[in-house]
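# Analysis of the macromolecular model
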Amino acid sequence: MSYFLHSGHLTIEGCKMSKSLKNFITIKDALRRYSSRQLRLAFLLHSWNATLDYSEQTMTEALHVEKILNEFFLTVKDLVRKQPEGAESYRKFLRREKELNARYLSIRSAVHEALCNSIDTPQVMTLLRELVGTCNVYIAESSPAANARLLQTVAQYVTHMLKVFGVVPSDDSIGFPLQQATGATDQEAVVMPYVTALAEFREQVRKLALETNTTPLLKSCDQLRDDTLVELGVRLEDKEGTTTVKLVGKEAILRERERERQVQEERVRVKEEQKRKMEEARRQREAQAAIPPQEMFRSQTDKFSSFDEQGVPTHDASGQPLSDKQQKKLRKLWQAQEKKYLEFRSRSGAGKTESTLGD
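Residues numbered from 1 in each chain as written. Predicted model: local features only at pLDDT ≥ 70, side-chain atom pairs only at ≥ 80, totals over all residues. Heavy atoms only, no water.

Bringing helix α6 (residues 148-164) into the picture now. When the terminal C-alpha atoms of α6 are compared, their 24 Å separation across 17 residues agrees well with the 24 Å that a helix rising 1.5 Å per residue should span. Listed as buried for α6 are Ala-148, Leu-150, Leu-151, Gln-152, Val-154, Ala-155, Tyr-157, Val-158, Thr-159, Met-161 and Leu-162. For α6, the N-terminal cap is Asn-147; the gap from its side-chain oxygen to the backbone nitrogen of Arg-149 is 3.2 Å. (Helix = DSSP H or I, 4+ residues; strand = E, 2+ residues; numbered from the N terminus. Expected span 1.5 Å × (residues − 1). Buried < 20%, exposed > 50% of the residue type's maximum accessible area, 1.4 Å probe, protein only. Polar contact = N/O pair within 3.5 Å; in protein donor to acceptor, adjacent residues only side chain to side chain.)

In structure tokens form, the structure reads like this:
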């Protein structure tokens, strides 16, 4: 695909793009922060003839969709590599496989209808995400006996649709390529047999270490997963009874870790901020409770001018007597403050004082 069409208006964080607003962003500027794939996904998530708002929220959604799709592709690739060769890889469809296949065919038909309806790419992307979600549920419920050939068929279809939209350069293989340069070596085809062999050996060592409770061996297995293979762009995911191998690329793994670190730091920041606000509110309540009820209204000279012997206001700031209804309301506030003050005195060890407000 040489061209990517968008005819609707483009806004930046909800505002018209303008040099005077200092929010003018060129394609080169956007590509310094996001990949062309991520930008195209952002466009696909919005109708081609509607306003597209280029914002943090828009790109966060595009990144989320990219991650969902990529994780699905990597998982399917791992299952395909593990399936038996030859006729043994073909298995009879059972109930779950029949349900998944029926849903796949239904979504294919719905995608065609959406494209015929003024090229409704947002609906197409919603359908593809639904299909991927259905497959993920099937994998979780059926693994390790999931039908890899059926999942491969679904993954190839999703890849094909992304190729039609220009998100991936080719649908010769499943998913997003590690390298998009023309004539680049198929790194995955060359590397994965060796990585898979290493992962299987590590899994055997890890199982033995768990059975014998050999901590140093477990640490070495974790180091291989978390450090050594990361430097080679490989992500291992240890699951019950198996290990999933995903060739992601070093930069992608480091970006994932950085995002996870930022998310964790934001969670800690929000938690600390909530804790600070709660502590501040507690101090304010304590400070308010420390005020004797006889003094609580006397500082409000902008509202009241005269008080009785207990400190309850009797006249407003202009010298006019307060109505019985107003005084009754103020006495209720006085009594509530008296209760808080007595509890404060009790907590502070000063003992309780007698109420000075008569019935």
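That was the structure; now back to the text.
In this section: the pairing of strand β7 (residues 313-316). In this sheet, β7 lies alongside strand β6 (residues 304-307) in antiparallel orientation, the contact comprising 3 bridges. Following the sheet pairing, Phe-307 is matched in β7 by Pro-313. Counting the residues in the hairpin turn of β6 and β7 gives 5 residues, including Gly-311, whose phi is positive at 90°. (Pairing = 2+ DSSP bridges.)

Structurally, Leu-224 is set in helix α8 (residues 215-231). The spacing of Leu-224 and Leu-198 is 26 residues in sequence and 10.0 Å in space, taken between C-alpha atoms. When neighbours within four sequence positions are excluded, Leu-224 is seen to be in contact with Leu-198, Arg-202 and Leu-229. (Contact = heavy atoms within 4.5 Å.)

The residue Ser-118 is not glycine, and still its phi comes out positive at about 60°. Phi is positive for Asn-213, which is not a glycine, with a value near 55°.

The next point concerns the packing of helix α2 (residues 36-44) against helix α5 (residues 121-142). It is at 8 Å that the axes of α2 and α5 come closest, and there the two elements cross at 110°. Judged on the interaxial angle alone, α5 and α2 are roughly perpendicular. For the pair formed by α2 and α5, the contact residues are Leu-41, Phe-43 and Leu-44 on the first element and Thr-121, Pro-122 and Met-125 on the second. Broken down by class, the residue content of the contact of α2 with α5 amounts to 5 nonpolar, 1 polar and no charged. (Axes fitted to C-alpha atoms, helices over the stretch in contact; angles between N-to-C directions. Parallel < 35°, antiparallel > 145°, perpendicular 65-115°, else oblique. Nonpolar A, V, L, I, M, F, W, Y, C, P; charged D, E, K, R; others polar.)

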